[in-house]
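# Commentary on secondary and tertiary structure
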Amino acid sequence: MSEKKNQKEKLWGGRFKGEAASILERIGESISFDRKLYKEDLEGSRAHAKMLHKIGILSREELQKILNGLNTIESEIDSGEFVFRSELEDIHMHVEARLTELEGEVGKKLHTGRSRNDQVAQDVRLYIRNRILEVLDRLDSLRESLYLQAERNIDTIIPGYTHLQVAQPVRASHFLLAYFWMFTRDRDFFQFAASTNDELVLGSGAMAGVNYSNDREFLASELGVPRISPNSMDAVSGRDHLLQFLFAGTQCMIHASRLCEDLILYSSQEFGLVRLPDGLTTGSSIMPQKKNPDIAELIRGKAARTIGNLNHMAVLLKGLPLTYNRDLQEDKLALFDCVETLLISLEGLEEMIRELEFRPSRGERSLKEGFATATDLADFLVGEKGVPFRTAHELVGRLVSECGEKGETLFTISEQARSAISPFFTGKEYDRAVSLELSADKKNSFGGTAKARQIEQLKIASESLKTSSRTKE
Ligand code: ARG
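If you're wondering where the values come from, they're calculated on a predicted model, not measured in any experiment.

So, on to the overall build of the protein. Scanning the protein from N- to C-terminus turns up 19 helices and 6 strands. A compact globule built from 473 residues would reach a C-alpha radius of gyration of about 23 Å, whereas the protein, at 31 Å, exceeds it by more than 25%. On the principal axes, the C-alpha backbone points of the protein span a range of 100 × 50 × 40 Å. Taken over 473 residues, the protein has a buried fraction of 51%. Excluding contacts between residues fewer than 6 apart, the proportion of contacts in the protein whose partners are at least 24 apart in sequence is 74%. Both charge centroids of the protein, one from 63 positive and one from 72 negative side chains, sit 1 Å from each other.

Our next topic: the site of the ligand. In the region of the ligand, the neighbouring residues are Ser-30, Asp-90, His-92, Arg-116, Asn-117, Val-120, Tyr-324, Gln-329 and Lys-332. In this structure, Ser-30 approaches the ligand through a side-chain N or O atom, which is 3.4 Å from a nitrogen atom. One nitrogen or oxygen atom from the side chain of Gln-329 is found 2.9 Å from a nitrogen atom belonging to the ligand. Summarising the interface, the protein chains cover 86% of the accessible area of the ligand, which totals 340 Å² for the free molecule. No other element matches helix 6 (residues 116–152), which puts 3 residues into the shell around the ligand. Partitioning the shell around the ligand into residue classes produces 2 nonpolar, 4 polar and 3 charged.

This part covers a nonpolar patch on the surface. Taken together, the side chains of Ile-23, Leu-24 and Ile-27 present a nonpolar region at the surface, about 310 Å² in accessible area. Residue placement: Ile-27 occurs in helix 1 (residues 22–28). Overall, Ile-27 belongs to the exposed group, its relative accessible area being 63%.

Time to look at the pattern of salt bridges. One side chain can pair with another of opposite charge once the charged atoms of both are near each other. One pass over the structure, following the stated rule, counts 41 salt bridges. Among the salt bridges present, the one from Glu-350 reaches Arg-354, with a minimum N-O distance of 2.9 Å. In this pair, Glu-350 and Arg-354 are both assigned in helix 12 (residues 331–354), 4 residues apart and thus about one turn of the helix distant. Of the residues examined, Glu-350 reaches a relative accessible area of 11% and is grouped as buried.

Structurally, Pro-293 is set in the loop between strand 5 (274–275) and helix 11 (294–318). Of the residues examined, Pro-293 reaches a relative accessible area of 14% and is grouped as buried. With 12 residues separating them in the primary sequence, Pro-293 and Thr-281 have C-alpha atoms 5.0 Å apart. In contact with Pro-293, not counting residues within four places along its chain, are Ile-264, Ser-267, Leu-276 and Thr-281.

Time to look at the nonpolar core. In this structure, Phe-183, Phe-190, Phe-245 and Leu-349 are the most contacted members of the largest nonpolar core, which totals 98 residues. Grouped together as the second largest cluster of nonpolar side chains are 20 residues, Phe-371, Leu-395, Ala-417 and Ala-433 included.

Okay, the packing of aromatic side chains next. One pair of aromatic rings is described through two measures. These are the centre distance and the angle between the planes. Applying the stated criterion to the full structure yields 10 aromatic pairs. For the ring pair Phe-190 and Phe-245, a centre distance of 5.8 Å and an interplane angle of 50 degrees mean the geometry is tilted. Pair noted here: Phe-190 is in helix 7 (residues 172–197) and Phe-245 is in helix 10 (residues 240–266), with a separation of 55 residues, a long-range link. For the pair formed by Phe-190 and Phe-245, the shared burial category is buried.

A separate point is the environment of Ser-32. Structurally, Ser-32 can be placed in helix 2 (residues 31–34). Judged by relative accessible area, which is 44%, Ser-32 ranks as partly exposed. As a C-alpha pair, Ser-32 and Arg-85 span 53 residues in sequence and 9.1 Å in three-dimensional space.

Where helix 6 contacts helix 10, the two axes come as close as 11 Å, and the packing angle between them is 20 degrees. Taken together, the axes of helix 6 and helix 10 are roughly parallel relative to one another. As helix 6 runs across helix 10, the sense of the crossing is left-handed. Of the residues in helix 10, those touching helix 6 at Ala-121, Val-124, Arg-125, Ile-128, Ile-132, Leu-139 and Leu-146 are His-241, Leu-242, Phe-245, Cys-252 and Leu-259. By residue class, the composition of the contact of helix 6 with helix 10 is 10 nonpolar, 1 polar and 1 charged.

What follows concerns the environment of Tyr-38. Looking at where Tyr-38 falls in the secondary structure, it is placed in helix 3 (residues 38–54). Using a relative accessible area of 15% as the deciding quantity, one classes Tyr-38 as buried. Leave out the neighbours within four places in its chain, and Tyr-38 touches Glu-74, Ile-77, Asp-78 and Ile-91.

Here the focus is helix 11. When the terminal C-alpha atoms of helix 11 are compared, their 36 Å separation across 25 residues agrees well with the 36 Å that a helix rising 1.5 Å per residue should span. Those residues of helix 11 lying buried are Ala-296, Ile-299, Ala-303, Thr-306, Asn-309, Leu-310, Met-313, Leu-316 and Leu-317. For helix 11, the secondary structure elements touched by its buried residues are helix 10 and helix 12.

Quick look at the state of the cysteines now. Applying the stated criterion across every chain, the model contains 0 disulfides. With no disulfide of its own, Cys-252 has Cys-338 as its nearest cysteine by sulfur position, at a separation of 8.8 Å. Residue Cys-252 is classed as buried on the basis of its relative accessible area of 0%. Accessibility expressed as a relative area gives 0% for Cys-338, which makes it buried.

Analysis parameters
Residues numbered from 1 in each chain as written. Predicted model: local features only at pLDDT ≥ 70, side-chain atom pairs only at ≥ 80, totals over all residues. Heavy atoms only, no water. Helix = DSSP H or I, 4+ residues; strand = E, 2+ residues; numbered from the N terminus. Rg over C-alpha atoms; globule rule 2.2 N^0.38 Å. Buried < 20%, exposed > 50% of the residue type's maximum accessible area, 1.4 Å probe, protein only. Contact = heavy atoms within 4.5 Å. Lys, Arg positive; Asp, Glu negative; His and termini not counted. Charge placed at Lys NZ, Arg CZ, Asp CG, Glu CD. Near = heavy atom within 4 Å. Polar contact = N/O pair within 3.5 Å; in protein donor to acceptor, adjacent residues only side chain to side chain. Areas by Shrake-Rupley, 256 points an atom, 1.4 Å probe, with all protein chains shown as cover. Nonpolar A, V, L, I, M, F, W, Y, C, P; charged D, E, K, R; others polar. Patch = residues over 30% accessible without salt bridge, like charges linked within 9 Å, V, L, I, M, F, W, Y side chains within 5 Å. Salt bridge = Lys/Arg side-chain N within 4 Å of Asp/Glu carboxyl O. Core = buried A, V, L, I, M, F, W, Y, C linked by side-chain atoms within 4.5 Å. Phe/Tyr/Trp six-rings, centres within 6.5 Å; stacked < 30°, edge-to-face > 60°. Axes fitted to C-alpha atoms, helices over the stretch in contact; angles between N-to-C directions. Parallel < 35°, antiparallel > 145°, perpendicular 65-115°, else oblique. Left-handed = near helix turned anticlockwise from the far one by under 90°. Expected span 1.5 Å × (residues − 1). Disulfide = S-S within 2.5 Å.

Listed below in structure tokens is the structure:
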């Protein structure tokens with residue numbers, strides 16, 4: 001812990017006498033986490049300094065000294081030699097104090113026409129915008145892996161489930177593309193979240209605006225943001241931009257968690273539909289046979305944290321009066337945690353998907369044992385034999401029950417036993433009616449599991465990937 005400091009020596013210490021209580025320093029510091037904002041804080045300060053020069057507050061020489069100092073600080077932080085001290089509270093104070101150490105009195109001019117309230121609000125917006133670019137990259141790699149696996153597994157037939165009971169045969173591509181579309185929607189959501197962060201806040205001051213003629217247009221173009229906040233009170237105290245990121249992050253982690261849950265189930269002994277690579281699973285210290293899907297479980301667990309972060313932010317904001325309140329300092333903990341969780345989870349998920357292997361024989365066994373084509377057999381009676389649906393349902397129900405009693409499937413029960421239930425349950429027609437692959441191909445509605453529809457869906461997905469890579473440039 002740092003030694004006690006006279007309040008007077010603090011950057012805000014003018015009106016204070018005596019020592020700061022240790023608890024004040026310990027509860028008030030945010031440098032232990034907000035140092036993550038240093039790049040954006042320096043970016044904002046450079047733009048602000050240039051603006052101060054433009055409006056005549058800093059001379060050319062003063063601006064140059066400030067820019068040099070800010071560059072030195074950046075390389076000191078980059079290389080790890082910068083000394084952080086909790087009595088300097090936050091990243092903003094650290095930069096200003098070091099600037100003054102390096103460049104002398106001129107460092108004290110940088111904060112003209114600016115408050116930490118608009119400064120931090122700007123830093124966080126820039127930070128979110130930058131991190132969303134990284135999230136989009138990870139999302140796109142994941143989407144690409146899902147796409148490639150879908151392409152590879154278009155002929156792999158697996159069970160589709162409802163109520164976690166075997167429902168109907170689907171192509172594995174169909175399952176994988178279902179997640180592809182979820183992550184595509186997340187991508188759109190993140191882009192929207194990025195646009196809410198694309199706003200110039202500097203010039204809002206503590207909350208009422210500033211006493212200088214800050215050129216906000218100039219600042220916006222320096223920072224590359226398209227919009228200028230129209231209300232300084234809203235700008236310093238609103239955190240919708242952060243909430244939007246957490247909304248998008250939460251939706252994305254919910255999708256990631258559902259995919260992990262499917263991978264955990266499907267890779268289990270009971271389902272056996274997929275195999276996860278050894279390098280992405282762990283063993284047990286006691287049970288030699290175990291192969292545990294830890295990454296998937298951890299991502300499922302991390303989704304809980306993200307949902308917690310969203311909740312943290314919602315509760316933090318809901319009773320807060322205008323404008324800035326110190327509570328808002330805590331917003332960054334939810335934000336940083338969400339960013340880190342997303343990045344590592346998307347990376348883990350991408351690796352699992354990339355190396356996933358399907359085990360078609362296990363899928364076929366479940367489908368057969370689960371009577372997955374019973375509906376198709378009933379539809380055959382209706383469509384080709386003119387049997388009313390209710391009667392067809394009843395006949396197939398009896399056949400399924402007979403199979404159950406004898407320990408048979410629709411594929412192994414004797415023709416004799418079948419024809420005792422219906423004379424139509426015979427010959428090649430019957431075989432075609434219960435075939436797994438044909439069942440899939442009969443689901444030929446747009447968005448369905450028929451091969452032609454899957455080829456069509458892959459094309460749409462590939463277009464979507466191309467559009468995503470174009471929008472990144
Ligand atoms: N560290 C502070 C935060 O993150 C910066 C703003 C401080 N403003 C103030 N009035 N004390 O919210």
